[in-house]
Every structure is written in structure tokens, then in C-alpha cells.
There are 2 protein chains.
Amino acid sequence: MKTDREAPVGVFDSGVGGLTVAREIMRNLPSEKIVYFGDTARVPYGNKSRETVIRYSHQICRFLQEQQVKAIVVACNTASAFALDAIRDDFDIPIIGVIEAGAKVAAARTRNKRVGIIGTVGTVGSGIHAEYLRKLDPEITVFGKACPLFVPLVEEGWLHDPVTTEVAARYLRELQDKKVDTLILGCTHYPLLRSTIREIMGEDVCLVNPAYETALELGRLLAEKGLSSTGAQQKEFPYRFFVSDLADEFKEFANSILPYDVEMTKKIDIEKY
Amino acid sequence: MKTDREAPVGVFDSGVGGLTVAREIMRNLPSEKIVYFGDTARVPYGNKSRETVIRYSHQICRFLQEQQVKAIVVACNTASAFALDAIRDDFDIPIIGVIEAGAKVAAARTRNKRVGIIGTVGTVGSGIHAEYLRKLDPEITVFGKACPLFVPLVEEGWLHDPVTTEVAARYLRELQDKKVDTLILGCTHYPLLRSTIREIMGEDVCLVNPAYETALELGRLLAEKGLSSTGAQQKEFPYRFFVSDLADEFKEFANSILPYDVEMTKKIDIEKY
């Protein structure tokens, strides 16, 4: 069966955070339709085991397949770290994750070959960034630091706050001491703390936002496979949102970062997949 | 069928936090066996909808029923707030929650009839404490404050830390302004921040720990129903632990608060129930 180039792209995350990736796709590939799934009933993934995250990712990809997506973007860093190979083995469409995209750009940008990565306990502990980066350039040394308080601070809305600055300063001190010249923001929420992180790390450190890099990578991949949408068939609103739990938070967060109201969010029973 | 008084008590929580309740049962009712379930694959419940929390609680009670428990303690505040009535309708054994037990003691202790309650967004937003307290004493006014950063701060181990003190001071200011004389620690993790909360609220405010009160309440309930264990049949280790995800965190947290090693934690597939 030939894949339909006008089919939507599937994007999934453990919750709302992946919307920062969806937003970059909307901005940079405006012809593409998107089916977004946020696993809000089981969020977060960052403190769960590899096995559980793989099982959840499989369920979600089966759901997205049913939605006839032409490609899947794993917008969740933890799922990208743990489950990307497993789902690539089982699904016959292009699948990309946020980690590869971020690693590629970091490898290209670093001059002193010292790259920092911040993220959840799961992402950082997986060592997956180091693996990718060393494949790209064996001379690179990777320094990881888990920042478990960043997501709740973002969700509390304390984006520009002395508490957040103090927490960030404490988390990042180690990476400053290691003299990294490039820092990957390895969690979907972290770009929202960009200015605080910038202030602490200084202007000379390159901050890599994998959400943006993933959108560009998706564009290249679709073009390469002859799957880029022509945008010709767009009659209706091109974005659909699904969640596993209809908490108000999803809509609130979505409305705070997307340029229009996300009203038609639909709940599905993901455990059935 | 007559319930076996030597059967274990089922205790469940969204994750590790309910172990603070299990610990109080171990201390205060040493003859009772316990089957503990922590829903570590779907933790936390605090930011999920009522409907989802009810569905999860039903699945867990079906699992505990299969373990032939004689009573169930809902150690999770969010599940107590959202799901207690629903599961009482469907299961024919005594079921108690942490919220009722805490509310009873708070109603007995307050002198100025101004009671504060701190917990997750879900627990505080449910207004369930106010409901219970007003039933017990219509003159009581309840002031709720959600403290979403407390759980990640505890899990980060920052129990005695200037950041935690600053966050707590900010969260609690509102309740101080309201001049509450009694404060319910409405989340299983919060007793671990007791000294920080005590410092901010001062010696004159009574801090109610629902974990302790629930253990006492369970003892009274079992005695009343003729279900108290005689302790005579105890040959093997009386506590069994089950989780939905085998992350190391469970064991680490368990070992940090229980007086022995929790080695035999078993993983089950809770979505099957």
C-alpha cells in the first residue's frame, strides 16, 4: 500500500510538553497536518522503567497507526531514549525522536567537544545522548544532569522566579564546572526556562532546542521519502488533539503555548491499544 | 462467606507515598498483615481527572480482592477524595480513606474553627475536606492550598533546604494570613516536610498527620467488625509489596522510610484488572 503524502504526521508525548514540538512543526512545516496524542492519564514517563515506557509507546503507536499517520514524531525525550528502536522494529513508517535531532546539532556546534545534557532522571540515566554523540564524533565527552524540579516549576508557572533561578543555578553548577560549550535542553518543558538557563550558563554556551531541530529533521525526512504534503487538500482545521485523560491542564497549557484555542481535544482509552 | 480475621489488610497508593501510611499501621497494629500496592506505572494521581482516578482505583481494588484482603485502606489522598464512594459501592469489605480520618481529628482539635488543608491540585480542588469537616461541625471554615512542588522536593531529598523553606513559606503565607489553628498535611509525602512546615506555621498551629490517624481508625474499625488479627498465625514475613512498575525509586524510598529492606517487591500488570 502506498502511503498517502497528504496523511497527517503523528506526534506523541507523555503529556502536554510535546506540544512545544508540535508548535515547531506547525511553524516550520505549515502544510503538514498533525495528530497529537498526550498520555495525560499516565504522565510523567521520566520516573518510569524502560519496559513500561516501551509498552506505553507501543500502545500509542498502534493508536496513531489507526489514525493513518504517514510518520511518527516521538516528542517525549524519555520515550525517545527508551522506546525508539523497539517501535521502529514494529511499525513500517518513518519514526523520528527528539534525541537524535538534538544530538546531531550539538555535535555540529560544539567546539571544545564538551556537551551537556539536562533532562529527566530517565532520559539522563539512559545515557542515550552520549551514545548518539559518540557515534557522530568519538572525541565528544557528554556530561548529564537530571533536573527533576524543572517540570513542576514550569507547570507551576514560576518561569521567571528567584526560586527557579536558585534551583537552576544549583542544577547547572556541575555543568559549568565541566566547561561545556553546548547544552541540550533534553526535556520538552525546558525551552520554556530558556532565559533563566541562558542567564546562568552565559552567552557563550550554545543552547540546543531539540523541538526546533526535530521539526527541521522531519521536513528533510518527509522530502527524502517523497512524503511532504503539498498542502493542496487542506479544507478543514489541520490539527487534531487526543489525550488519555481530560484534565483541564492540557487545554490550559495548550492554549498558553499555541496560537489558537485547543477546544476539540478528544479523550481515548489508550490501555485498549 | 465469613471474612477471615487473619487475612491481610490491603493498602494502596498512586506510588511510594502511601508507605508512610503502611508504616503507621505496622507501628500501631503490629499483628496485622499488609498487602501494599503502589501504582508506580501511573503515578502521580494528583493532576488527573476524577473519572480516571476512579477507574484506576477500581482496578486496584479488584487486584486486592484477588489477594483476599479483609479491608482496604486508600492511602492516596487524591483517590480518597475522588474514588472512595465509588469503590465502597462496589466492594463488600470495610474501606477507609486518609481524608475522613484526618478530618475527624482536625474537627476535634481546632479551637478557632479555622482549618487549613494542603495537598495536590486534585485533593485541594475536590473540596472534600471542607465537605467532611462541615458535616462534623458546620461552624468550621476550611482554607485549602495546593502545593505541587512539595512532592518533587521530597523526592529530590531536599527535606531541609533553603529552597524548600522558601517554597513552603510562599505556599503557606496564605494560610497564615487566614489564621488557621489546625493544618491537615493532606498528601502522603508531606509528613516528611513536617519540621519545615512546623517552623513556618509556628508551635501554636496543630499539624494533623492523616497517616497516623488512619492507622488508629483502622484499628477501631477492625475491632468493631470482629476482624482484628490475633497475630497467632504469623509464621512468615507479614508484608507483601506490589507495584505496577519496577522502578528502583520504589525500593529506595521504601528502604529509606521502613525499618527493613523491601526486597521482594513484585510487579503486576494493573491494566488487566
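Residues numbered from 1 in each chain as written. Chains lettered and ligands numbered in written order. Predicted model: local features only at pLDDT ≥ 70, side-chain atom pairs only at ≥ 80, totals over all residues. Heavy atoms only, no water.

**Digging into the relation of the copies chain B and chain A**
Thinking step 1. Superposing chain B onto chain A takes a rotation of 180° plus a shift of 0.0 Å along the axis, which leaves an RMSD of 0.0 Å. Both chain copies can therefore be described as sitting about a two-fold axis. Relative to the rotation axis, the C-alpha of B:Arg42 is the closest in chain B, positioned 2.3 Å from it. (Least-squares fit on C-alpha atoms with pLDDT ≥ 70 in both.)

**Section: the sheet that holds strand β10 (residues 266–267) of chain A**
Residues and elements named next belong to chain A.
Thinking step 1. Here we have six strands laid out as an open sheet, ordered β4-β3-β1-β2-β9-β10, and parallel in their pairing. The open sheet has two edge strands with one neighbour each: β4 (95–97) and β10.
Thinking step 2. Pairing of strand β1 (residues 9–13) with strand β2 (residues 34–38) involves five bridges; the strand directions are parallel. Bridge assignment links Asp 13 to a residue of β2, and that residue is Gly 38. (Pairing = 2+ DSSP bridges. Helix = DSSP H or I, 4+ residues; strand = E, 2+ residues; numbered from the N terminus.)

**A word on the environment of B:Leu218**
Residue and element names in this part refer to chain B.
Thinking step 1. By the secondary structure assignment, Leu 218 is in helix α10 (residues 210–224).
Thinking step 2. The buried category is assigned to Leu 218, whose relative accessible area is 1%.
Thinking step 3. Taking C-alpha positions, Leu 218 is 9.5 Å from Gly 97, a pair spaced 121 residues apart along the chain. (Buried < 20%, exposed > 50% of the residue type's maximum accessible area, 1.4 Å probe, protein only.)

**Describing the UniProt feature "binding site: substrate" (unreviewed entry) in chain A**
Residues and elements named next belong to chain A.
Thinking step 1. In this structure's numbering, the residues bearing the UniProt feature "binding site: substrate" (unreviewed entry) are Asp 13, Ser 14, Tyr 45, Gly 46, Asn 77, Thr 78, Thr 188 and His 189. Spanning 177 residues, the named residues form one tight spatial group whose C-alpha atoms are at most 13.2 Å apart.
Thinking step 2. Tracing the chain through its elements places Gly 46 in the loop between β2 and α2 (50–66).
Thinking step 3. With relative accessibility at 10%, the residue Gly 46 sits in the buried group.
Thinking step 4. Filtering out sequence-adjacent residues up to four positions away, Gly 46 remains in contact with Thr 78, Thr 120, Val 121 and Gly 122.
Thinking step 5. Relative to the helices and strands, Thr 78 is located in helix α3 (residues 77–90).
Thinking step 6. Apart from the residues within four sequence positions on either side, Thr 78 is in contact with Tyr 45, Gly 46, Val 53, Thr 120 and Thr 123. (UniProt positions renumbered as here; feature names shortened; annotations may be inferred. Contact = heavy atoms within 4.5 Å.)

**As for the sheet that holds strand β4 (residues 95–97) of chain B**
All names here are of chain B.
Thinking step 1. The strand order β4-β3-β1-β2-β9-β10 describes an open sheet built from six strands, whose pairing is parallel. A strand with exactly one partner marks an edge of an open sheet, and here the two such strands are β4 and β10 (266–267).
Thinking step 2. Alignment of strand β9 (residues 239–243) against β10, held across two bridges, turns out to be parallel. Bridge assignment links Phe 242 to a residue of β10, and that residue is Lys 266.

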